[in-house]
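The chain contents come next:
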Amino acid sequence: MTKAYDAIVIGAGHNGLTNAAFLAKAGLDVLVVEKNNYVGGATVSRELHEGWKYSNCSYVCSLFRPEIYQALDLGRHGLKVIPLTASMTFKQDGDYFGSYYDSNVRRHELMRHSMRDADAAIRFDADVMRWCKLIRNFLLRTPPDPGSFRPRDAFEFAYLLKKFYELSESQIYEFMRFFTMSIAEYLENYFENEAILAHYSGGSIIGTGLGVYSPGTAYVLLHHAMGDVDGNIGSWGFSRGGMGAVSGALASSFKEYGGEIRTDAEVTQIRVSGKKTTGVVLASGEEISAKVVVSNLDAKRTFTKVMDPDDLPPELLQRAKNFKIRGSSGKLNIALDGMPTFPSLPKDSPLTLGHMHFTDTLKRLEKAYDDWKDDRWSADPYCDVLIPSQYDPSLAPPGKHMMTVFVQYCPVEPEGGWTDEKRDQFGQTVIDQIADYSPDFKDLLLHAEIRTPRELENEVGLTEGNIFQGELTFDQLMFNRPFPGYAQYRGPVKGMYMCGSSTHPGGGVMGAPGANAAREILRDLKRPDTTPVEFNDD
Amino acid sequence: MIERIDAIIIGAGHNGLVCASTLARTGMQVLCLESSDSAGGMSAPRSIGENYHFPGLAHASYPVSAAIRRELKLDQYGYVPGTAVDTIALDAAGQHLTIGTDRVAGDNLSEADEQAYPAFRKTYLAFAKAIRPLFDNKPPRLKDMDFADTATLAKLGWNVRLGLGRETMYEFLRVAAINIYDVLNEEFEDDRLKAAIAVDAILGSAMGPRSPGTVLTWLQRLQGEINGPLSLQSGGQAQLAHALTQSAESAGVTIQLNTHVEKILIENGKAFGVQLTNGDMVKAKVIISNADPRSTFSDLVGAPQLDTMFANRVAQIRGSGVVAKLHLALNGLPEFTGLAESQLRNRLLVAPSMQYIEHAFNHSKYNECSENPVLEITLPSLHNSSLAPDGHHVMSVNVAFVPYALDGGWQQQKSTYAYKVISLLGQYAPNLTSLVVDHEFLTPQDIEEQFHAVQGHWHHGELSIHQSFMMRPLHGAAQYDTPVDGLFLCGAGCHPGGGLTGLPGHNAAKRVLKLGGAK
Amino acid sequence: MTFHHEHFRQPFLRSPFIERIEALSSTENWTGWNTYKVPRVVDKLTSEYFAVRSGCAVMDLTPMEKYRISGNDAAAYLDRLVTRDISTLKPGRVTYIVWCNDDGKVIDDGTLFQLANNDYRLCAQHHQLDWLLMSASGFDVQIRTETSDVAALAVQGPTSYSVLTAAGIAGLDGLKPFGIANLRCDGIAVTVSRTGFTGDLGYEVWVEPQHALTIWDAIFGVQGQYDVVAMGLDALEMVRIEAGFIMPGFDFNTADATVRNGHDRSPYEIGLGWVVNLDKGHFTGRKALLAEKARPIQRRLTKIVVDGNKPVGEAFIYAGKNGKQIGEVRCTIWSPVLKANLALADIEYVNGKLSPKLWARFDYQRELKWHTAWAECHSQTKPFYTPDHRSATPPGRF
């Protein structure tokens, strides 16, 4: 019999580690168990081709809460987030639309495409900033439970209402519209240029099973716009050394607080006895006991795979089965022999330093979605291409480059199921699209790792390969995330908690679910709260 | 002529008539101006030649609420809710499904689905009832609420939190804003059943089953079912139009047909009358527009009388019609494979699966017509034999998804497409093509022209969440009064939207009275 | 305006005058104005300031956003856009305008030039094409940005009339304040308006960009007879505060770019009630402004003179020394001609009235040692500095 811990966290993803670090900081004896032989979950840097480091799941960092960064002293533990300085969309006619770091250049580029849109961008920025400011209030807070009459929930509802009521009446309606509209229609309130519309729409479909014309996608814009690097709201960053640096810093911080991590330790069951958790069982048969067990796994996996159905209320089991977690994205990680050229761009263009996209119309974006609805990968996919080795010399040998390609859409399972051949065909579709805009790309290609939802599920454990551990639709947001009545990080049995992206505020490398769960656990244990309160810029 | 006019109502559609009749019953002098030659709008009858008659654009409906029936004495003027009908989900192989409000039966239906269906309907009808306070009242404002707004929200909160019970409330909060596709997949196995329910959620909207917001559109439709089951009237919807006209006229409303309003006259921010196309000017204390909000504000009021952002929000109102209407004059009764003659009195659906519906919808997104549209079919002559000569019949078919702005234009493609739809019907009723004597195909563009609904949208504006409740048709005019003093809206473009419910008209009348319209 | 793909190499646009200004610049103190490269100070701030107040200063106005508004409904369109009654404006005249959003909050201010019947030029501080086009639906009107199509110079100061006349522009004698004249200079067609942002005698000269340098050279060619000084934004900031002119985006938030509810301002609140005409018919924001007018005054942007000589900088305003905090200074300068601390302050009214006792509290440093100062403030409604010569017609040779 191994020693008993105060708490066991299942899964060493970034939220598991964040959660564990805050628990350890409060003086608990914490063990993190991880099925893989490395930590990080979907926040990793992996050497899958010699000399190259792939952030082979998540690939950019901006949503990570600065409050957590500071509270866990991640800078000292080696984390450095370098802001990205551009984004762009190639057009089919040989032109492109770029979004530049310098505000003057950004404006001139907008003017190059549409004088009106250049001016409308001012109104757009102000409006989106207003919604960002509102939503950011709720990230590091536990959602109130509408089914509860406890004072704490009433207080949280009051807080939520107070924040809403800081808006004017028409702004409240505008926010409700924003929250329920499609991204395409929302943007059409501001912009007229097709390439500009397509460029700004893309962020709203990343990771979702929705199209640019699906209601509810405008809100997803915030999930990608509310991140910040040093106060520049909406800017994205690379962590030096790849995303593994995030989990590495978290693990290092956790260990400094006295925490322990065991890899190659897959949990097969959460033990429950007398309506309380007593610990976990590993695949090896080993049992480890703890009064608190925190699952960083997605809610579907947690309740349908590692908990005994007999330990669960039937309605919870039903909700877990119905939890929507369809994967919709694929990923290519590519080792390049040199920097690919993009003939559309002028020499020295800074635009290769940022996100590169190839989908220049809303119609192409929507058609890519139609394919996914029919369980096909998009014939003309939306790709988010980055070459982080331009900033970060640690990712590839000198003169060589690493490219990461996020692909929307890719089905959970194409007709007849995934095979390696189909996976490679999917990858080829993407490679061909890039090569259309970069003639030397294929010659430079040394190695490509192709990942579909199947690979994501098998390797990282994300059910159906959903990158957000559950879709970001209204039924699964705020007090509905993951399930109504279970949105406060507590599981159905005493001592059992959830801390993954399946919980509020959802996916993205944010750390907020892990921190929020820690707050609730420490509260239940009557320990001092080590989690940070949100920074407030007003 | 009328000496003193309190209210002018622009458009004698059913909402205009409900509003007119309600106001007249308080002693107001009401003049209702209608541009076409008959009252009733989308519920007015139509004909092909002299012999074949159709019940109107809306060919089936739920009963009008008891309160409106009572208040406007509709029963006294000949309104009957009509015959309740079931829905038959057609199957090309003849294995049809018959779906009622509380039961479903048919070939190859699983026992699980058969048992799940009544419970499912019950739950969703309970949801619909819980949000009912929102429908019988003006949408509450979220700041500067008046007593009525607070009362509406309190009732809503009470119904949802205490009326439904904790678990049902959780379920309601979970599903309220999502798509019907996911909900139906959780509940049922049978494609026909899922598709038939999905049709009710999406018909009339530019949304597919997978579009978020389609549970809400279904709950909006279920508001009608609170009053009673889906019905076909023996006199067609024209019977409703007729009863409303009688009700209004008996209350003292003057209905003036063939009268086009060109402009709403405004001075110093207040509407004081209307200008007709013949140059006449009619003055009144309040002007109430049953025209769709976009035409009302953009054409009748004009952007110059509105603030910039408001005018822009008007221009952004989304609502492009996606349903065409096919009227068929038949020289005999069609035989549907696997259906008995008696079953033809029901509503028949061609929508074999949710994926089929979604595919049909996909085309409309790109202004294309699907080769495999969703069809909602009724045979009104089986309910009223006077609609067609002896032994002859009329068939009325809603065809979705048919875009308003078809690529390449309707002119060239209209009749080809109509024949495509007829031949699709022929797959279910093999003898149909040989029975067709004549047909009329109304594209959304035709509906726009003939029913004065901008872009041919049934509901005068999409019933998407961002255009519902206090955002319908747009904030700033969601409580029926508008930024122009003395100007009100009363049509389907307002909360709670389309369907032959009379609710927008009735709520608008209450608002006019509240704001002192009678004085 | 056409942009080439390599605009990223040069973040600032270059006005047609920039090479002359670069040649004169000893400070290399540049900044951006509407993404154009402009000087804060060309050579010496004091000489630039005193050139406006006692001689002649020239400033490049090309970066100012200029919109051409024409078409059958141009006048009706503008009347719906702005708060002022512009139906009384005549061809050849200029008027100061503001425009509001639906909530009656100011989006921007500017000057409106009526060039001919239904043909206007609107000069704005900020980028307005989006709002101007949004406001255009329902009107037969054409709107086009002509910022880069028209080069413009502000020629300001007591000798500006003499300088322009000496530079060869004849016919300015009869030009009244806010008048426009189409004249010639060196055979080149120029439009001259008697307008400015300095509160002094002054003109603005408008010319096609290809002739910009010829006009510049003609004006600076009078050196010897008259001193002409190229001026930067810092000197402009001093003289515009003396003149009591406000700067959107600095003295108040422009409504379209305001994020926080309540941080934007109505024309009344920034002291521009005099350009609001509620009786002229509908315009955007009218309903909101009517409602505001019916309520007690909430706040006003107020001209104040702060006692003493310590640099005011950023300051709070209090109702009495150590009293309740009721406002904030938005902009302030030490006025060399008035020898006084001038400021515009956003001050809350109490029960619809301005507190009779206004005090400012601010921090200042002397050799890196910081002190807190209290100074009494005196509000006034008139501009701080209004020389008589500014409106004399014909202008004298001061």
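If you're wondering where the values come from, they're calculated on a predicted model, not measured in any experiment.

Reading guide: rules and limits
Residues numbered from 1 in each chain as written. Chains lettered and ligands numbered in written order. Predicted model: local features only at pLDDT ≥ 70, side-chain atom pairs only at ≥ 80, totals over all residues. Helix = DSSP H or I, 4+ residues; strand = E, 2+ residues; numbered from the N terminus. Rg over C-alpha atoms; globule rule 2.2 N^0.38 Å. Contact = placed C-beta atoms within 7 Å. Buried ≥ 20, exposed ≤ 12 C-beta atoms within 10 Å, placed from the backbone. Nonpolar A, V, L, I, M, F, W, Y, C, P; charged D, E, K, R; others polar. Domains from an automatic or database assignment. Axes fitted to C-alpha atoms, helices over the stretch in contact; angles between N-to-C directions. Parallel < 35°, antiparallel > 145°, perpendicular 65-115°, else oblique. Left-handed = near helix turned anticlockwise from the far one by under 90°. Pairing = 2+ DSSP bridges. Core = buried A, V, L, I, M, F, W, Y, C linked by C-beta atoms within 7 Å. pLDDT = per-residue confidence, 0-100. Right-handed = clockwise from strand over helix to strand, strands pointing away. Expected span 1.5 Å × (residues − 1).

Enquirer: Please give an account of the overall build of chain C that cites residues and values.
Expert: Across its full length, chain C holds 8 helices and 19 strands. The C-alpha radius of gyration computed for chain C amounts to 21 Å, which stays within 12% of the reference 21 Å derived for 398 residues, consistent with globular compactness. Each of the three principal axes of chain C carries a C-alpha extent, and together these read 65 × 55 × 50 Å. Excluding contacts between residues fewer than 6 apart, the proportion of contacts in chain C whose partners are at least 24 apart in sequence is 67%.

Enquirer: Kindly report on the overall build of chain B, identifying the contributing residues and their values.
Expert: Counting secondary structure elements, chain B contains 17 helices and 20 strands. Taken against the 2.2 N^0.38 rule, which gives 24 Å for 519 residues, the C-alpha radius of gyration of chain B at 22 Å falls within 12% of a compact globule. Expressed as lengths along the three principal axes of its C-alpha atoms, the size of chain B is roughly 65 × 60 × 45 Å. Expressed as a percentage of the 519 residues in chain B, the buried residues total 59%. Of the contacts made within chain B by residues no fewer than 6 positions apart, 73% connect residues no fewer than 24 positions apart.

Enquirer: Can you break down the interface of chain A and chain B residue by residue, with the values?
Expert: Counting residues at the interface gives 29 residues for chain A, matched by 31 residues for chain B. Where the side of chain A that touches chain B is concerned, the elements lending two or more residues are helix H6 (169-180), helix H12 (314-322) and helix H13 (362-373) of chain A. Partitioning the side of chain A that touches chain B into residue classes produces 9 nonpolar, 10 polar and 10 charged.

Enquirer: Could you give an account of the interface of chain C and chain A, with specific residues and numbers?
Expert: At the junction of the two partners, chain C supplies 21 residues and chain A supplies 27 residues. Of the residues forming the side of chain C that touches chain A, the biggest block, 3 residues, is contributed by helix H4 (residues 129-134) of chain C. Here the residues of the side of chain C that touches chain A are counted per class, giving 9 nonpolar, 9 polar and 3 charged.

Enquirer: Hey, could you go over the domain arrangement of chain B for me, with residue numbers and the actual values?
Expert: Where interface size is given, it is often the accessible area lost as the parts come together that is meant. Residue and element names in this part refer to chain B. Segmentation of chain B into domains returns domain 1 (7-43 + 66-79 + 237-318 + 459-514) and domain 2 (110-226). Centre-to-centre, using C-alpha coordinates, domain 1 lies 27 Å away from domain 2. Between domain 1 and domain 2, the contact holds 21 residues from the first and 19 residues from the second. Within the side of domain 1 that touches domain 2, the residues separate by chemical class into 8 nonpolar, 10 polar and 3 charged.

Enquirer: I'd love a proper account of the packing of helix H8 (residues 191-202) of chain B against helix H9 (residues 214-227) of chain B, names of residues and values included.
Expert: Residues and elements named next belong to chain B. Direction vectors running N to C along H8 and H9 enclose 85°, while the axes themselves pass 7 Å from each other. Here H8 lies roughly perpendicular to H9, going by the angle between them. Between H8 and H9, the residues in contact are Asp200, Ala201 and Ile202 and Thr214, Thr217, Trp218 and Arg221, respectively. Looking at the contact of H8 with H9 residue by residue, the class counts come to 3 nonpolar, 2 polar and 2 charged.

Enquirer: I'd love a proper account of the packing of helix H11 (residues 293-302) of chain B against helix H12 (residues 308-315) of chain B, names of residues and values included.
Expert: Two packed helices can be described by the angle between their axes and the distance between those axes. Residue and element names in this part refer to chain B. At a minimum axis distance of 9 Å, the contact between H11 and H12 shows a crossing angle of 135°. When the interaxial angle is binned, H11 and H12 end up oblique. Handedness of the H11/H12 crossing: left-handed. On H12, the residues touching Pro293, Arg294, Phe297 and Ser298 of H11 are Ala311, Val314 and Ala315. Taken together, the residues of the contact of H11 with H12 break down into 5 nonpolar, 1 polar and 1 charged.

Enquirer: Go over the sheet that holds strand E13 (residues 281-283) of chain B with me, naming the residues and quoting the values.
Expert: Residues and elements named next belong to chain B. Strands sit in the order E11-E12-E13 across an open sheet of 3 strands; the sheet is antiparallel. This sheet does not close on itself; its edge strands, each paired only once, are strand E11 (261-267) and E13. In this sheet, adjacent strand axes meet at a mean angle of 30° when their direction is disregarded. Bridging between strand E12 (residues 270-276) and E13 involves 3 bridges; their strand directions are antiparallel. Across the sheet, residue Gly273 finds its bridge partner in E13, namely Lys283.

Enquirer: Would you mind going over the nonpolar core in detail, with residue names and values included?
Expert: Counting residues in each nonpolar core, the largest one holds 334 residues, and the members touching the most others are A:Ile8 and B:Ala198. At 8 residues, H8(B) tops the list of elements feeding residues into this core. Looking at this core, you find at least three residues from each of domain 1 (7-43 + 66-79 + 237-318 + 459-514) and domain 2 (110-226) of chain B. Setting aside residues no more than four positions away along its own chain, B:Ala198 makes contact with B:Ile180, B:Tyr181, B:Leu184, B:Pro209, B:Met354 and B:Ile357. Residues C:Leu89, C:Cys185, C:Val229 and C:Val329 belong to the second largest nonpolar core, which totals 109 residues.

Enquirer: Provide a residue-level description of the confidence of the model for chain C, including the pertinent values.
Expert: Across chain C, the average pLDDT comes to 96, with 100% of residues at or above 70. This prediction of the complex comes with two scores: 0.96 for pTM and 0.95 for ipTM.

Enquirer: Can you lay out the pairing of strand E2 (residues 30-33) of chain A for me, pointing to particular residues and giving the numbers?
Expert: Residue and element names in this part refer to chain A. A two-sided burial pattern is seen for E2, the buried positions comprising Val30 and Val32 on one face and Leu31 and Val33 on the other. Summarising the sheet, strand E1 (residues 5-10) and E2 pair through 4 bridges and their orientation is parallel. Residue pairing in the sheet places Val9 in a bridge with Val32 of E2. Taking the sense of rotation as the criterion, the β-α-β connection linking E1, helix H1 (residues 14-25) and E2 turns out right-handed. Summarising the sheet, E2 and strand E11 (residues 260-262) pair through 3 bridges and their orientation is parallel.

Enquirer: Tell me about H12(B), and please be specific about residues and values.
Expert: Burial within H12(B) is extensive, with 6 of its 8 residues counted as buried. Every buried residue of H12(B) is accounted for by B:Thr308, B:Met309, B:Phe310, B:Ala311, B:Arg313 and B:Val314. Tucked into the core, H12(B) has its buried residues touching H11 of chain B together with H4 of chain C.

Enquirer: Give a description of H13(A) that names residues and reports values.
Expert: Residue and element names in this part refer to chain A. An ideal rise of 1.5 Å per residue puts 16 Å on 12 residues; H13 measures up with 17 Å between its terminal C-alpha atoms. Leu362, Leu365, Glu366, Ala368, Tyr369, Asp370, Trp372 and Lys373 are the residues of H13 that are buried. Of the residues trailing H13, Asp375 is marked for its positive phi of about 60°.

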